[in-house]
Amino acid sequence: MQRRLAAIVHADLAGFTRMMEGAETRTFRHLKSAQAEVWKPAIEAGGGRLVGTAGDAMLAEFGSAVGALAAAIDIQERMARFNEALVENQRMLFRIGVHLGEVIIDEEDQNIFGDGVNLAARIQAMADPGGIAVSRAVRDVTELRIDYAFVDGGEQQLKNVSRPVQIFHVRNAASSPAGGDSSKTTTRLLPQVTLRFEGVNSVGQKYSFDVALDKLVTLAKGMVIGRAADQCELVIPHATVSRRHARLLIDGDALQVEDLGSTNGTAVNGTVARAGTPVHLQTGSRLRVGDVELSIRQV
C-alpha cells in the first residue's frame, strides 16, 4: 500500500434528497453544471485533483493545505455567483470540510482512503450549508486572506471517531452574502461577548443562562432553549416551557430568537413571536419563554 500526506477536501450538497424529490432532472443538471463550471476549475487552479464524485458528494486531494483551503474558498465564492442565476429553492449550498492527514492510495484507480479521508467527511458535516469547516491541522499551517478569518468551533465528538476533534469555521469578516439570505456562505465575526439571560416565573422562581456570541455564531442550527436537557443547549426546567421551545441564532451580526412551535409561546418585549419567524433581540430586551420572563444583559 502506498501512503502519503495530503490535504483532503470533502463536500456534500445540503438538502440534496429534498431537491431530488422536488425536481430530479433539474437538480441533476444543475449538479453536473456546478461540477464542470465551478468545482473542476477551482480544484485545478488550487493545484489539486478531483478524486471522485458519488451522487452529491465530491472528494479532492491536494499536495498543500494552503492550496486546498484556497480552493475551498474559491469554490464557495464561485458557487455564490452560480446560485445567482437560480431561484431560491434551487440554489445549491455545499458543505465543505478540509483536513490534513495521511491517506492510502489505490494504485489501480488513484482513489484515496483512510483516516484522513474519513475525518474530512466528518468535518464537512459540521460546516454550515454554503460554508467551510477545517481541522486544527489545517488551521495551524495555513493563513487566510485578510477578508477571511478562522472562528473556533470548539472540540467536537464526531461520529465514529474515538477522539474529540477541534474544528474551525472559515468566515468572511465582511459578512458577504452568497446569493441571498438563505445562501450565505459566511457570517459576520462577533466579539467575545457573553449575554446573560435571567429572570423569574410568575411565582418568583429564578432562572438564568449565559450565551457566548462567538460560540453561537459558529452553530449553524443555533442554540435551542427548552425543558429537555438531552435536546437543548439552554435548559429552563419549567412545566410551561416546551421540550424544545425556541432557538437563539445569529443572522449576520444580529441576535434573533425563533419560536419552535411551542405550546405556551415566546414573546419579545410583550409581542408574541410567530412560530418559525425569527425576532431580533438585544441587550435590555425582555424574552418570555412560556411562563418565564428573562431580561438580557451583557456580562
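Residues numbered from 1 in each chain as written. Predicted model: local features only at pLDDT ≥ 70, side-chain atom pairs only at ≥ 80, totals over all residues. Heavy atoms only, no water.

> What's the story with the overall build of the chain in this structure? I'm lost.
Along its length, the chain carries six helices and 19 strands. Its C-alpha radius of gyration of 21 Å places the chain within 12% of the 19 Å reference for a compact globule of 299 residues. Dimensions along the principal axes, computed over C-alpha positions, put the chain at roughly 70 × 40 × 35 Å. Residues classed as buried in the chain amount to 50% of the 299 residues present. In the structure as shown, the chain presents an accessible area of about 14,400 Å², 47% of it carried by carbon and sulfur atoms. (Helix = DSSP H or I, 4+ residues; strand = E, 2+ residues; numbered from the N terminus. Rg over C-alpha atoms; globule rule 2.2 N^0.38 Å. Buried < 20%, exposed > 50% of the residue type's maximum accessible area, 1.4 Å probe, protein only. Areas by Shrake-Rupley, 256 points an atom, 1.4 Å probe, with all protein chains shown as cover.)

> Quick question: what am I supposed to make of the side chain of Glu258 here?
Its location among the elements puts Glu258 in strand 14 (residues 254–259). Setting aside residues no more than four positions away along its own chain, Glu258 makes contact with Ala246, Arg247, Leu249, Gly276, Thr277 and Pro278. (Contact = heavy atoms within 4.5 Å.)

> Explain the sheet that holds strand 10 (residues 206–212) to me, please; I cannot follow it from the model alone.
Note: strands within a sheet are paired through backbone hydrogen bonds, in either parallel or antiparallel orientation. Read from one edge to the other, the open sheet built from six strands follows the order 10-9-19-18-15-16, with strand pairing classed as antiparallel. Because the sheet does not close on itself, it has two edges, and the strands there are strand 10 and strand 16 (271–272). Here strand 9 (residues 194–200) pairs with strand 19 (residues 292–298) via six bridges, running antiparallel. For Glu198, the partnering residue across the bridge sits in strand 19 and is Ser295. (Pairing = 2+ DSSP bridges.)

> How should the pattern of salt bridges be read in this particular structure?
Two side chains carrying opposite charge are able to pair once their charged atoms lie near each other. All told, the structure shown has 12 salt bridges when counted by the stated rule. As a salt-bridge pair, Arg196 and Asp210 come within 2.7 Å of each other at their nearest N and O atoms. Taken together, the positions of Arg196 in strand 9 and Asp210 in strand 10 put the pair 14 residues apart, joining distant regions of the chain. For Arg196, a relative accessible area of 26% corresponds to the partly exposed category. Residue classification places Asp210 among the partly exposed positions, given a relative accessible area of 37%. Here Arg297 and Glu198 are joined by a salt bridge, their closest N and O atoms 2.7 Å apart. Of this pair, Arg297 sits in strand 19 while Glu198 sits in strand 9, and the two are 99 residues apart along the sequence. Its relative accessible area of 27% is what places Glu198 among the partly exposed residues. (Salt bridge = Lys/Arg side-chain N within 4 Å of Asp/Glu carboxyl O.)

> Looking at this structure, how should I read unusual backbone geometry?
Glycine aside, the phi torsion of most residues is negative, and most peptide linkages are trans. Positive phi outside glycine occurs at Asn269, with the angle close to 50 degrees. Within the fold, Asn269 resides in the loop between strand 15 (266–268) and strand 16. We classify Asn269 as partly exposed; its relative accessible area is 40%.

> Looking at this structure, how should I read the nonpolar core?
One broad trend across soluble globular proteins is that nonpolar side chains are buried collectively. Trp39, Met79, Met92, Phe94, Ile96, Val98 and Ile132 are the most contacted members of the largest nonpolar core, which totals 35 residues. Taken together, the elements giving at least two residues each to this core come down to strand 1 (2–13), helix 1 (16–22), helix 2 (24–45), strand 3 (57–62), helix 3 (65–83), strand 4 (94–105), strand 6 (132–135) and strand 8 (165–172). Top element by residues in this core is helix 3. It accounts for nine residues. Residues Leu195, Ala246, Leu255 and Val292 belong to the second largest nonpolar core, which totals 27 residues. (Core = buried A, V, L, I, M, F, W, Y, C linked by side-chain atoms within 4.5 Å.)

> Looking at this structure, how should I read the environment of Lys221?
Tracing the chain through its elements places Lys221 in the loop between helix 6 (213–216) and strand 11 (223–226). The exposure class assigned to Lys221 is exposed, which follows from its relative accessible area of 64%.

> Just checking my understanding: could you explain helix 3 for this structure?
Because an α-helix completes one turn every 3.6 residues, residues spaced three or four positions apart along the sequence face the same direction. A rise of 1.5 Å per residue sets the reference length of helix 3, with its 19 residues, at 27 Å; its end C-alpha atoms lie 27 Å apart and thus fit the reference within 8%. The buried count for helix 3 comes to 14 of 19 residues, which makes it a mostly enclosed element. N-capping of helix 3 is provided by Ser64, with a side-chain oxygen placed 3.1 Å from the backbone N of Val66. (Expected span 1.5 Å × (residues − 1). Polar contact = N/O pair within 3.5 Å; in protein donor to acceptor, adjacent residues only side chain to side chain.)

> Please clarify how the sheet that holds strand 11 should be interpreted in this entry.
Taken in spatial order, the five strands make up an open sheet running 12-11-13-14-17, and their pairing is mixed. Edge positions in the sheet fall to strand 12 (234–235) and strand 17 (279–281), since each has one partner strand and no second. In terms of strand pairing, strand 13 (residues 246–251) meets strand 14 through six bridges, oriented antiparallel. Each bridged residue has a counterpart across the sheet, and for Ala246 the counterpart in strand 14 is Asp259.

These figures capture arrangement, not role.
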